[in-house]
Amino acid sequence: MRIADFRWRGACATAITVNGTRLEAACHGPPPGEASTVVMLHEGLGCVALWRDFPQSLAQATGFGVFAWSRAGYGQSDPVHLPRSLDYMTREAIDFLPGVLGTIGFRNGILLGHSDGASIAAIYAGNVEDRRLRGLVLMAPHFFTEPEGLQSIAEAKSAYETGDLRARLARYHGNVDNAFRGWNDAWLDPGFKSWNIAKALDNLRVPVLAIQGAGDQYGTLAQIREIENRSRAPVDVEVLPDCRHHPHIEQPEATMSAIAEFCARLGRTGPVDGGPQARLGCGEL
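Small disclaimer: the values here were computed from a predicted structure and weren't measured.

## A few points about the side chain of His248
With respect to the secondary-structure elements, His248 resides in helix α8 (residues 247–250). Classification of His248 as buried rests on a relative accessible area of 7%. Non-local contacts of His248, meaning those with residues more than four positions away in its chain, are made with Trp51, Phe54, His114, Met139 and Thr255.

Written as structure tokens, this is what we have:
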């Protein structure tokens, strides 16, 4: 899809095509030519619908445009070939995200990622020099595997196979087995224990807001300490009490307040010149 083929329709479902793959999407608020844009990257079992009303509320709270899409294999987007490669998040950041940004006419703004989406956003910002990018919001990020997180992912497999998780996810994903197995099989592959993308954090050049629930079952605060220690750019941290892996659902007011304040400090800057350029190789898992 060429930029000219995409029309931003606020508060409207749409679809884009990147690398021959149809991706469901939704737009809220003003288009990129009128305001900064928040581009949202969902979690490992997420999709457009599972953001619930958060994108619309975010557009209202910030005045930014908000674009969300379901990555391939999720929601009503085209499925992916399984098994996924163990560097699937790097491939998403390098092979798909630039096409998404180009298709919607992204001019300046931030990437907001949750869980897997936060990892993808960090990989992109650390490997691609994109002068349009003003900042990152990383919710429940993971930069390396931890035993606690892998145990929770194993428990999710059991809930999917013997509990009601499959039925609940099937309400949101057109091919629920493709969505679940693409995520769960990769994370539980023995080779994934060595997955680590923290090197990308050494090359961040934009401010970061990192948000994590104090009781996150998929990652400890070691993930937050990693970005604080490695990023050369400013890092603001919000650790939310009484919150596990979904800050925007479990602590929506505190999460929205932190993001709105972060966006306000970045300012509603006008368009900038210059698109993305590769900064580093991205072969590391």
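## Focus on the environment of Ala68
Note that Ala68 resides in strand β4 (residues 65–69). You can call Ala68 buried: its relative accessible area is 2%. The spatial distance from the C-alpha of Ala68 to the C-alpha of Cys27 is 6.7 Å, given a sequence separation of 41 residues. The contact partners of Ala68, leaving out residues within four places of it in the chain, are Glu24, Ala25, Ala26, Met40, Val48 and Trp51.

## Structural notes on the packing of aromatic side chains
Taken as a whole, this structure holds eleven aromatic pairs when the rule is applied. Relative to Phe67, the ring of Phe6 has its centre 6.1 Å away and its plane inclined at 85°; by these criteria the two rings are edge-to-face. Linking Phe6 in the segment before β1 (12–18) with Phe67 in strand β4, this pair joins segments that are 61 residues apart in sequence. In this structure, Phe6 and Phe67 share a single accessibility class: buried. Seen in terms of ring centroids, Trp8 and Phe67 are 6.3 Å apart; in terms of plane orientation they differ by 40°. Their pairing is tilted. Here Phe67 lies in strand β4 and Trp8 lies in the segment before β1, a separation of 59 residues in the sequence. Its relative accessible area of 15% is what places Trp8 among the buried residues. Residue class for Phe67 comes out buried when judged on its relative accessible area of 0%. Every member of this aromatic cluster is reached through a ring pair, and the members are Phe6, Trp8, Phe67 and Trp69.

Rules and cut-offs
Residues numbered from 1 in each chain as written. Predicted model: local features only at pLDDT ≥ 70, side-chain atom pairs only at ≥ 80, totals over all residues. Heavy atoms only, no water. Helix = DSSP H or I, 4+ residues; strand = E, 2+ residues; numbered from the N terminus. Buried < 20%, exposed > 50% of the residue type's maximum accessible area, 1.4 Å probe, protein only. Contact = heavy atoms within 4.5 Å. Phe/Tyr/Trp six-rings, centres within 6.5 Å; stacked < 30°, edge-to-face > 60°.

Keep in mind these numbers describe shape, not what the thing actually does.
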